[in-house]
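Commentary on secondary and tertiary structure
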Amino acid sequence: MQTKHIREHMEVVGADEEHVGTVDGGQIKLTKSDPVTGGEHHFIPLAWVDTVDEKVRLSMDAEEAIADWETEESD
């Protein structure tokens with residue numbers, strides 16, 4: 001898997017093809033404007049990525065990824 005192919009604004013989907021979020025930067029930081037993220041940035045570990053093509057595809061279902069993602073800490 002080539003992380004260099006992950007680009008801003010790519011859709012992130014679970015293994016079940018359900019929407020998880022939208023990439024907001026070089027790491028997998030999800031945009032806080034995405035309805036799924038509830039108005040907060042969330043981070044997906046690169047270890048969860050299975051493949052990257054037109055979407056970032058995770059190795060777990062969307063529900064599991066959403067339950068375990070990390071939330072950006074407030075300053």
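About the thresholds
- Residues numbered from 1 in each chain as written.
- Predicted model: local features only at pLDDT ≥ 70, side-chain atom pairs only at ≥ 80, totals over all residues.
- Heavy atoms only, no water.
- Pairing = 2+ DSSP bridges.
- Helix = DSSP H or I, 4+ residues; strand = E, 2+ residues; numbered from the N terminus.
- Patch = residues over 30% accessible without salt bridge, like charges linked within 9 Å, V, L, I, M, F, W, Y side chains within 5 Å.
- Areas by Shrake-Rupley, 256 points an atom, 1.4 Å probe, with all protein chains shown as cover.
- Salt bridge = Lys/Arg side-chain N within 4 Å of Asp/Glu carboxyl O.
- Lys, Arg positive; Asp, Glu negative; His and termini not counted.
- Charge placed at Lys NZ, Arg CZ, Asp CG, Glu CD.
- Axes fitted to C-alpha atoms, helices over the stretch in contact; angles between N-to-C directions.

**A look at the sheet that holds strand 4 (residues 42–43)**
Picture the strands of a sheet paired through backbone hydrogen bonds; they go either parallel or antiparallel. Strand order in this open sheet of 3 strands is 3-4-7, and the pairing throughout is antiparallel. For this open sheet the edge positions go to strand 3 (29–30) and strand 7 (70–71), each flanked by a neighbour on one side alone. As paired elements, strand 3 and strand 4 share 2 bridges and run antiparallel to each other. Bridge pairing links L30 to H42 in strand 4.

**Topic: a negative patch on the surface**
Side chains of D16, E18, D61, E63, E64 and D68 sit close together on the surface and give a patch of like negative charge. In this structure, D61 sits in the loop between strand 6 (55–58) and helix 1 (62–68).

**Notes on the sheet that holds strand 5 (residues 49–52)**
Spatially, 4 strands are ordered 2-1-6-5 in an open sheet, and the strand pairing comes out mixed. Each edge of the open sheet carries a strand with a single partner, namely strand 2 (19–22) and strand 5. Each strand axis lies, on average, 25° off the axis of its neighbour in the sheet, ignoring direction. Taken together, the 3 bridges between strand 1 (residues 11–13) and strand 6 define a ladder with parallel strand orientation. In the strand pairing of strand 6, V13 is matched with R57.

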